[in-house]
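What follows is the residue order along each chain.
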Amino acid sequence: MSTPVHVSRLRLGHRASLTRTEGLRSTTYHSQWQLFPLGAVHRPESGSVVLDTVCGHCRVPVRVVLDSAPTAARKKQNRGVLGWVMLLAGVALIVTACLIGGGGAAPGLAGVTGLFAVLGSFGVRSTGKAYPGAGLDRDQPAATRNPHRIFVR
């Protein structure tokens, strides 16, 4: 198992600005973040702990869930395994759709579902690799969660 990111490298980010650029056929968003230390000295020995921090920009209390090293490594590994399972299931659905062939909605639906599973597996695997072992508490209001994010520096 890999070791999680050291707590001193974790930062609470506040979205200071969001600019929108209209292109000919696309819209691009660019966020600028201000980063503040979490205030935690070390990870807990086991399980998870909730840190009550205050955002340095908006002065709003933000709850951050900090996982222990074994818990963070297990979550990272579980996301990697889930990604591989999704990839294999998606490929199996695509192969099944090709073997069924013929007309009707079933082969097409199986192929499209398999394609989405394959594409989703890459997202699940990449978030598993980048999981820092900390995240925002989901029990707080969306107005508190939306302008904040955890960064690794």
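Residues numbered from 1 in each chain as written. Predicted model: local features only at pLDDT ≥ 70, side-chain atom pairs only at ≥ 80, totals over all residues. Heavy atoms only, no water.

### Details of the side chain of Gln 140
And then number 1: Topologically, Gln 140 is positioned in the loop between strand 5 (134-136) and helix 3 (142-145).
And then number 2: At a separation of 3.0 Å, a polar atom in the side chain of Gln 140 contacts the main-chain carbonyl oxygen of Arg 63.
And then number 3: There is a polar contact of 3.2 Å between the side chain of Gln 140 and the backbone oxygen of Asp 137.
And then number 4: Ignoring sequence-local partners within four residues, the contact set of Gln 140 consists of Pro 61, Val 62, Arg 63 and Arg 145. (Helix = DSSP H or I, 4+ residues; strand = E, 2+ residues; numbered from the N terminus. Polar contact = N/O pair within 3.5 Å; in protein donor to acceptor, adjacent residues only side chain to side chain. Contact = heavy atoms within 4.5 Å.)

### Topic: the pairing of strand 4 (residues 61-67)
Across a regular strand the side chains alternate sides, sitting on one face of the sheet and then on the other.
And then number 1: Bridge count between strand 3 (residues 48-54) and strand 4: seven bridges; the pairing is antiparallel. The residue bridging Val 49 from the neighbouring strand is Leu 66, located in strand 4.
And then number 2: Bridge analysis of strand 4 against strand 5 gives three bridges, and the strand direction is antiparallel. What sits directly across from Val 64, in strand 5, is Leu 136. (Pairing = 2+ DSSP bridges.)

### Description of the sheet that holds strand 6 (residues 148-152)
And then number 1: Ordered by their spatial adjacency, three strands build an open sheet running 2-1-6, and the pairing between neighbours is antiparallel. A single partner strand is all that each edge strand has here, and the edge strands are strand 2 (27-37) and strand 6. Averaged over all adjacent pairs, the angle separating strand axes in this sheet is 45°, with direction ignored.
And then number 2: Where strand 1 (residues 10-22) and strand 2 come together, 11 bridges link them in antiparallel fashion. Paired with Ser 17 across the strands is Gln 32, a residue of strand 2. (Axes fitted to C-alpha atoms, helices over the stretch in contact; angles between N-to-C directions.)

### Things to note about the domain arrangement of the chain
And then number 1: On domain assignment, one finds that the chain holds domain 1 (1-69) and domain 2 (72-123).
And then number 2: Inter-centroid distance (C-alpha atoms) of domain 1 to domain 2 is 31 Å.
And then number 3: Across the boundary between the two partners, domain 1 contributes six residues, which contact six residues of domain 2.
And then number 4: Together, the buried faces of domain 1 and domain 2 total about 490 Å²; carbon and sulfur atoms form 51% of this surface.
And then number 5: In this assembly, domain 1 and domain 2 are joined by one salt bridge.
And then number 6: Remark: the boundary between domain 1 and domain 2 carries four residue pairs in polar contact (both at pLDDT 80 or more). (Domains from an automatic or database assignment. Buried area = accessible area lost by both parts, 1.4 Å probe. Salt bridge = Lys/Arg side-chain N within 4 Å of Asp/Glu carboxyl O.)

### Some points on the layout of surface pockets
And then number 1: When its volume is computed, the largest pocket comes out at roughly 470 Å³.
And then number 2: Tyr 131, Ala 134, Gly 135, Leu 136 and Arg 138 are the residues nearest the centre of the largest pocket, which is lined by 18 residues in total.
And then number 3: Contributions of two or more residues to the lining of the largest pocket are made by strand 4, helix 1 (69-100), strand 5 and strand 6. (1 Å grid on protein atoms, 1.4 Å probe; cavity = no way out; pocket = protein on both sides within 12 Å on 5 of 7 lines; lining within 4 Å. Points joined across faces, edges and corners; volume = space filled by probe spheres on them.)

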